[in-house]
Amino acid sequence: MARFIRKRKEEIGLAPDDLLFRGVPKINKVQLRVIDFDAINLIENPVAKVKDVLSYQHKNSVTWFNVDGLHNTSIMEELAKGFSLDQLILADVLNTQARPKVEEHDNCIFICIKMLQHNPVSDLITVENLSLIMTKSVLISFQEIDGDVFEPVRDRIRKQKRRIRNGGTDYLAFALLDIVIDNYIYIIGVLGQKIESLEDRLLSDPNQAVVEKINAYKRELNFLRKNIKPAKEMILALNKLDSDLIDGVGVALHLKELADNINHANELTDSYREILSDQLNIYHTTISSKLNDIMKFLTVFSVIFIPLTFIAGIYGTNFEYVPELKYRYSYFIMWFVMLVVAVGMLVYFKRKKWF
Amino acid sequence: MARFIRKRKEEIGLAPDDLLFRGVPKINKVQLRVIDFDAINLIENPVAKVKDVLSYQHKNSVTWFNVDGLHNTSIMEELAKGFSLDQLILADVLNTQARPKVEEHDNCIFICIKMLQHNPVSDLITVENLSLIMTKSVLISFQEIDGDVFEPVRDRIRKQKRRIRNGGTDYLAFALLDIVIDNYIYIIGVLGQKIESLEDRLLSDPNQAVVEKINAYKRELNFLRKNIKPAKEMILALNKLDSDLIDGVGVALHLKELADNINHANELTDSYREILSDQLNIYHTTISSKLNDIMKFLTVFSVIFIPLTFIAGIYGTNFEYVPELKYRYSYFIMWFVMLVVAVGMLVYFKRKKWF
Amino acid sequence: MARFIRKRKEEIGLAPDDLLFRGVPKINKVQLRVIDFDAINLIENPVAKVKDVLSYQHKNSVTWFNVDGLHNTSIMEELAKGFSLDQLILADVLNTQARPKVEEHDNCIFICIKMLQHNPVSDLITVENLSLIMTKSVLISFQEIDGDVFEPVRDRIRKQKRRIRNGGTDYLAFALLDIVIDNYIYIIGVLGQKIESLEDRLLSDPNQAVVEKINAYKRELNFLRKNIKPAKEMILALNKLDSDLIDGVGVALHLKELADNINHANELTDSYREILSDQLNIYHTTISSKLNDIMKFLTVFSVIFIPLTFIAGIYGTNFEYVPELKYRYSYFIMWFVMLVVAVGMLVYFKRKKWF
Amino acid sequence: MARFIRKRKEEIGLAPDDLLFRGVPKINKVQLRVIDFDAINLIENPVAKVKDVLSYQHKNSVTWFNVDGLHNTSIMEELAKGFSLDQLILADVLNTQARPKVEEHDNCIFICIKMLQHNPVSDLITVENLSLIMTKSVLISFQEIDGDVFEPVRDRIRKQKRRIRNGGTDYLAFALLDIVIDNYIYIIGVLGQKIESLEDRLLSDPNQAVVEKINAYKRELNFLRKNIKPAKEMILALNKLDSDLIDGVGVALHLKELADNINHANELTDSYREILSDQLNIYHTTISSKLNDIMKFLTVFSVIFIPLTFIAGIYGTNFEYVPELKYRYSYFIMWFVMLVVAVGMLVYFKRKKWF
Amino acid sequence: MARFIRKRKEEIGLAPDDLLFRGVPKINKVQLRVIDFDAINLIENPVAKVKDVLSYQHKNSVTWFNVDGLHNTSIMEELAKGFSLDQLILADVLNTQARPKVEEHDNCIFICIKMLQHNPVSDLITVENLSLIMTKSVLISFQEIDGDVFEPVRDRIRKQKRRIRNGGTDYLAFALLDIVIDNYIYIIGVLGQKIESLEDRLLSDPNQAVVEKINAYKRELNFLRKNIKPAKEMILALNKLDSDLIDGVGVALHLKELADNINHANELTDSYREILSDQLNIYHTTISSKLNDIMKFLTVFSVIFIPLTFIAGIYGTNFEYVPELKYRYSYFIMWFVMLVVAVGMLVYFKRKKWF
């Protein structure tokens, strides 16, 4: 499978506000869900149509409207009209190849980020695009597949945690981003554990399989890095944003923590990259040490036997006049000479520290 | 063929406003084409002479005047006079070695960028210089060869797409740049697909041919990078430009998308560079692992047979008094000793984990 | 053991002000200790409860309140209430994975940094988080374990050193940070001494064990660097802080020295990284030089004996008609020929500078 | 020859305004030449003494006064007095080791840059220092040797080119700098052509000679880079200069082109550096592939014959009781067994893909 | 000997204004020397006690007070009192491990830099800390050992050079710094000469000794770089300083030249680092080329003789029925076959371009 999403020929030259889904649909049916709350009340239920949600935007409460699945462009159009959003924003939502970014619009802030999830059963990591549109009273979130990582936030809302229930859409949005970035760190940690466990095998039994593992982890780490790194710029841009929509008191500290966490995630990936590169170095060193040992062994062995075999060859010749052949103790003298040669060689190699 | 355009000796010391074509003519005849439109009307037809176009500049509509082929300097002079452009701008248009740049002049903005095209039949990539001169009502585009990548824009104009028909020359210019950069991403993707397909061959059958492929792709990628990277600076300069000629509402967002896309293109090339460099590393690791295996094999084999052959050599000597030769079971004892030596060696190597 | 602290699944999505200890408790019982001083008076004694300390905050003297052990969250809550600190600050204190940082709050400055200690007996380095909360008259310090590196500061207070006794909480805080950073430099030096002592062994007897040592030191150095590097950003942020709480005269110079020292620590780690990398290079060069020597030796030896053994083999054949065999001096001529061949080979290799 | 100019011991501690020639005189006699022009008139002739030129400075025309040869310090003193220049400027002119720089003084701008020339006959590159002192009406240029690259500018002056004849000393100075930088690009191109021509030899016949060429070109490229790179900073400084002496209209664009060209030169050197480094990589890969092939060949060959020779050795023993020796078809059976062993080995290697 | 000065355990946690000498005393007795001058008068003589100098500070002349040797802390205390200097400054003077820096104080500027000296007899480089305290009328310089590099400045003062005799303490201080940096360049040049002289040996006779030399020079260069690099920051800080104490006219240009020179020194070290790294690459390439040649030689030789020896072995067997043995011309046929095999092999290798 291709590692990077490639631009298809048909996508070249599209107008930027064409509402076209640029990606692969990952679920069958678009699912809508709404949570509406203030400090006291809480409504949480799935909805069938966009128009069921529109009424929420005029209430004083905070409304979180979640959309799972992006391939239904008519829903997008309804949303654009219903919440009077610029069509360009929704075109961006539909572009699953978009880089993480934050954009300030007249009546909303648009945030998009890659959401990574680790499946503990298959040990696979899935990526999807998370888009957030934040207005004064409504937060619309778009995901490519159902099933998300936001259950802890829903729990905090349900358990009537003071801060989140008193906060605005800004606090809610940052709580979601916080979870996304916490997941980055968690997933890097899962990969990191595998990487660190390679170390012992590398010293005890370095073989091609270990190297292929190192290379596979390197690829996986690069994949993570490619998704995490642009998020840092996005969070920094978010920190610099000077918008009326972001003004809660706790929000400034929350943003700072987001920045800290995304920095931490980036530093972790960098650390593991260094570790992998060190591991490759260790492998190379070990391999070339082994080659030296092998060659030393072969050389010592060959060099000892080569002259002995030569001597035996000399007295295997069939010349009629070889004086030594007649002499009674020649055979034993030959053994003695061979012994002397062999021992001499061994002493020589010992001195050269070859073994 | 030389990979970089070299300065010819004759070009040293030319005055910057000499209207001299600095490149190789790629088509025979200069071709002129004009598209004039506003929200309601559309005129599209080839023209024979520059003066046929001059009248358009005083209309309220948007005029796109395209010139294919740069080697006819008299056309350039007519253009300079007809549209009252500084001769220096047209000297820049004629310099096909110019770096991508944007320049603000009194009555126009000059943009120049490398245009890459992938020919699906020959699988070759062509480069040409695209120069845009943008005045209030006219956009003049210069290309080195006929045949371009702008058909989607023409289609959007013909299909009366609202935004482009209502936009000014700025919107049109950015739509063209958008396509140029979309093509960058597409072309990197085509090369990327080839690069990724190398990976399997690298593990199953690493040989010199694969390495030569890697090096060829590296060169190709460097070639792309050299053309794409300076475009980034240009787009950033465009984003910072504060000109009356750029003021449409949709234009700001369009520019932002351009910046996003050129960033994406640059990140893709960087990613593939890393992949290629990883592939070379994998190759080296594999090769040195193989060398180790070969040497181990040779050593094990040699070291087992060397003493055996030596023993046989001993009893091939023709000494008159070799007591063992007379003894009836000597031959079988020799075989037994040889077996013991061989098995001992094998056990030794097994313990050293040599196979 | 894992080299980096990993995020546990349960920690994902926690509210930022949850007072939850995110780490491993390292001591059994939380210990509290207070030192209160001004230029003339000095009180120093352990306290049992937080409320015993609260009265100090309204005195004009400087109070240093130290907390060893973080796992008792009820103490944290008492502190938050007693000193009217934002709960978020204490949540940060409890997060032992936090990056070094400085945060200005309404009534206090929060500083957190990694504290490294070298145990001279076990030759191990321990890390713990040091958090400082600095108000106008009280400095609260939090450590994970009892036993710290601050005895010299306590001594300076006890010996009634003019500057520290006249200074405020800012001077005290920076004196503590100074010791932390001095310890960085000391610990790098201890590791550096080991690294430098490798050099001789590397030239006299390069073997796999030395490489494993180099790699182990590299890991240790990376570990130090990871803890020290973010402290630099923190110190720089501290230098830029414009707070009423930092205004003593000597304090500006003290901060400058902190910056100098943390720079020095970072440069030292960089230097030792370079040295380690040079050592690996020396190892590789030595190893491949040795391989060349081994192969030269084997080749010279083999190439000399191969033709000699061949000649002996020729006259070991049992053909009935081999004219040379009958000739009386054949055997001696064979020896002579062999000598000529061997000497010729030696001269050839000598000329090729193979030995 | 030393690659870098070294400081001599006597030069340490000289006062910065000592008028001492710090370099090696490259010509015998200092030569003076003056060109004086405005839009209509042109005077061009060699002069014998500095005082012959002094009168020109009060004319309204542009005067270009060129000095070839720097070792005559009395000329420098005359110049300092005659044009009321600070002695420090002329001390800088005399320092041939000075880095390219631009300095604004009260009544003049001082520019110094390395001038490279390629001699097409000897294929050697010469470097000399070019210093320009630019006052309102006089441009004084200093070169170390006679013979320069400025003939095209003189031609443009003589041919009464509008821009240069109407321009001031600023336009003239930038025209000279333009030629200097054009020569950089030309010279890099000449070296680049040699570098690119190495590529084929590298794949067809990689040997030590090619590597020595690569290293020689690398050194040459580094030499160019060392001279070209600081020129970039100088040109950037020139672009930022806000002086009355630089105010012509065409001058701003001219300066921009200078910056473009020097950027181009720097990018070219970087590209060729990368190419050289890729070539070294290709060489290494090819060499280690070859080593693998050689070792495979040796191993296959050895491993096939080693057991065969052993078998022959067995039946060359002189034991009295070797049952096989007596049997009539033993010899043919031995051949058959040998054949089976050899074919078996070949099949084994074939399966391991060793050839 | 340790390459870096390490922090001793006792030094951790010292107050920053403790007047403790942190280094190793390098001379026995502290020596004091004073030079006092204005444009007309000059007094130069050694003094015995600090108090003999104090009167000079109220004269209008410039006083240069030099202290050789730092270990006498009572002298420091006298100085602090006599010239009303902050005790912190003198604590910095005593810290020989301090990084080069410049600090502006109320009544003085404190500058500290590493001073390198090359001993032409022993070919060793010594480092010592030079501290300068610059007040309106007095420049106090501190050195660790007697004997310095400042004789040229003293000469310029004695020879009544206009600029230095008319300048203030600022001019004097920069003249001293100028000499220090000139010495950097000189010392790098001395090392550079040795490095460049390695090149020829590298190609003609690459052996382990050359590599050890390269590594030794690398270490030496790193040592220089470590001392020189922070000086750059210091000089830049000096350039940015906006102090009443630095206001002479020639001083601005002098400072610029200092910046130029320190840049030059840094570029030189970088250049030589690159050259050393290139030399290591050449060594590696040469070594692996040689290994290939050796292996080719061994393989060609072995592969030719292996089948020949095998053939001889075949006819050395003692089977009773070997038909060929009886045939009269067998022996000669064997020779012929061997010749054919050998020539065939040689042709094969020739075609494979193995020699």
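An unreviewed UniProt entry lists chain A under the name Magnesium transport protein CorA, with uncultured Aureispira sp as the source organism. Taken from UniProt, the Sequence similarities (unreviewed entry) comment for chain A reads in full: "Belongs to the CorA metal ion transporter (MIT) (TC 1.A.35) family." For the record of chain A, the UniProt heading Catalytic activity (unreviewed entry) holds the text "Mg(2+)(in) = Mg(2+)(out)".

Q: Is there a simple way to think about the overall build of chain A in this case?
A: Along the backbone of chain A there are ten helices and seven strands. In terms of C-alpha radius of gyration, chain A reaches 35 Å, well past the compact-globule figure of 20 Å for 355 residues. Overall, the C-alpha framework of chain A stretches about 120 × 45 × 35 Å when taken along its three principal axes. Within chain A, contacts between residues at least 6 apart in sequence are counted, and of these 71% link residues at least 24 apart.

Q: Explain the nonpolar core here, please?
A: For soluble globular proteins, nonpolar side chains are generally found buried alongside one another. Residues Phe310(B), Phe310(C), Phe310(D) and Phe310(E) are the most contacted members of the largest nonpolar core, which totals 92 residues. Contacts of Phe310(C), omitting those with residues within four sequence positions, involve Phe305(E), Leu308(E), Thr309(E) and Ala312(E). Counting 79 residues, the second-largest nonpolar core is a separate cluster that includes Phe83(A), Leu132(A), Ile179(A) and Ala265(A).

Q: Is there a simple way to explain the sheet that holds strand 5 (residues 109-119) of chain D in this structure?
A: Through backbone hydrogen bonds, the strands of a sheet pair up, either in parallel or in antiparallel fashion. Residue and element names in this part refer to chain D. Pairing in this open sheet of seven strands is mixed, and the strands run 2-1-3-7-6-5-4 from one edge to the other. Edge positions in the sheet fall to strand 2 (42-47) and strand 4 (101-104), since each of these pairs with one other strand and no more. The mean angle between the axes of side-by-side strands here comes to 20°, regardless of whether they run parallel or antiparallel. Pairing between strand 6 (residues 124-134) and strand 7 (residues 138-143): four bridges, direction antiparallel. Directly across from Ile 133, in strand 7, lies its bridge partner Ile 140. Here helix 3 (residues 87-94) sits on the sheet in contact with strand 5, strand 6 and strand 7, set at roughly 15° to strand 5. Docked against the sheet, helix 6 (residues 169-204) engages strand 3 (62-68), strand 5, strand 6 and strand 7, running at close to 35° with respect to strand 5.

Q: Explain the interface of chain A and chain B to me, please; I cannot follow it from the model alone.
A: Frequently, the measure chosen for interface size is the accessible area removed from exposure when the parts meet. Taken together, the contacts link 45 residues of chain A with 52 residues of chain B. Of all the elements in the fold, those that place two or more residues in the side of chain A that touches chain B are helix 7 (208-240), helix 8 (249-314), helix 9 (323-326) and helix 10 (330-351) of chain A. When residues in the side of chain A that touches chain B are grouped by element, the largest group, 16 residues, is from helix 8 of chain A.

Q: Would you mind showing me how to read the relation of the copies chain A and chain B here?
A: One chain copy maps onto the other through a rotation about an axis and a shift parallel to that axis. Superposition of chain A onto chain B requires a rotation of 72° combined with a translation of 0.0 Å along the rotation axis, giving an RMSD of 0.1 Å. The relationship between the two copies is best expressed as a five-fold rotation axis. Of every C-alpha in chain A, the one belonging to Gly316(A) sits nearest the axis of rotation, 4.4 Å from it.

Q: Sorry if this is basic, but what is going on with the UniProt feature "transmembrane region" (unreviewed entry) in chain A here?
A: All names here are of chain A. Under the UniProt annotation, the feature "transmembrane region" (unreviewed entry) is placed at residues 297-317 and 329-349. End C-alpha atoms of residues 297-317 are separated by 31 Å, and the span's content is 86% helix alongside 0% strand. Overall, residues 329-349 shows 95% helix and 0% strand. The separation of its end C-alpha atoms is 30 Å.

Q: I tried to follow helix 7 (residues 208-240) of chain E on my own but got confused; where do I start?
A: Every α-helix carries 3.6 residues per turn, so stepping three or four residues along brings you back to the same face. Look at helix 7 of chain E: 48 Å from first C-alpha to last across 33 residues, which is about the 48 Å you get at 1.5 Å a residue. Maximal helix bending in helix 7 of chain E amounts to about 25°, located at Lys226(E); proline Pro230(E) follows within four positions.

Q: Can you help me understand unusual backbone geometry in this one?
A: What is expected of a backbone is that most residues other than glycine have negative phi and most peptide bonds are trans. Residues and elements named next belong to chain B. Positive phi, normally seen in glycine, also occurs at Asp 123, with a value near 60°. Summarising the element assignment, Asp 123 is placed in the loop between strand 5 (109-119) and strand 6 (124-134). Residue classification places Asp 123 among the exposed residues on the basis of 9 C-beta atoms within 10 Å.

Q: I keep staring at the sheet that holds strand 4 (residues 101-104) of chain A and nothing clicks. Help me out?
A: Residue and element names in this part refer to chain A. Here seven strands make up an open sheet; going across it, the order is 2-1-3-7-6-5-4 and the pairing mixed. Taken across any chain shown, the strands that pair with only one partner, and hence form the sheet edges, are strand 2 (42-47) and strand 4. Direction aside, neighbouring strands of the sheet carry axes that sit 20° apart on average. Running at roughly 15° to strand 5 (residues 109-119), helix 3 (residues 87-94) makes contact with strand 5, strand 6 (124-134) and strand 7 (138-143) of the sheet.

Q: Is there a simple way to explain the domain arrangement of chain A in this structure?
A: When its domains are assigned, chain A resolves into domain 1 (10-284) and domain 2 (292-351). Taking only C-alpha atoms, the centre of domain 1 of chain A and the centre of domain 2 of chain A are 76 Å apart.

Q: Which parts of the structure should I look at to understand the confidence of the model for chain A?
A: Close inspection of predicted coordinates is inappropriate in any region flagged by low pLDDT. All names here are of chain A. On average, residues of chain A score 86 in pLDDT, and 97% of them are at 70 or above. Of all secondary-structure elements in chain A, the lowest mean pLDDT belongs to helix 5 (residues 162-166), at 82, while strand 7 reaches the highest, 94. The ipTM for the predicted assembly is 0.75, set against a pTM of 0.80.

Q: What is the right way to look at the environment of Asp293(C) in this model?
A: Residue and element names in this part refer to chain C. Residue placement: Asp 293 occurs in helix 8 (residues 249-314). According to the C-beta neighbour criterion, Asp 293 is partly exposed, with 17 such atoms within 10 Å. Taking the C-alpha atoms as reference, Asp 293 lies 48 Å from Ile 181; in sequence the two are 112 residues apart.

Rules used throughout
Residues numbered from 1 in each chain as written. Chains lettered and ligands numbered in written order. Predicted model: local features only at pLDDT ≥ 70, side-chain atom pairs only at ≥ 80, totals over all residues. UniProt positions renumbered as here; feature names shortened; annotations may be inferred. Helix = DSSP H or I, 4+ residues; strand = E, 2+ residues; numbered from the N terminus. Rg over C-alpha atoms; globule rule 2.2 N^0.38 Å. Contact = placed C-beta atoms within 7 Å. Core = buried A, V, L, I, M, F, W, Y, C linked by C-beta atoms within 7 Å. Buried ≥ 20, exposed ≤ 12 C-beta atoms within 10 Å, placed from the backbone. Pairing = 2+ DSSP bridges. Axes fitted to C-alpha atoms, helices over the stretch in contact; angles between N-to-C directions. Least-squares fit on C-alpha atoms with pLDDT ≥ 70 in both. Expected span 1.5 Å × (residues − 1). Bend = angle between axes of the 7 residues up to and from the residue. Domains from an automatic or database assignment. pLDDT = per-residue confidence, 0-100.

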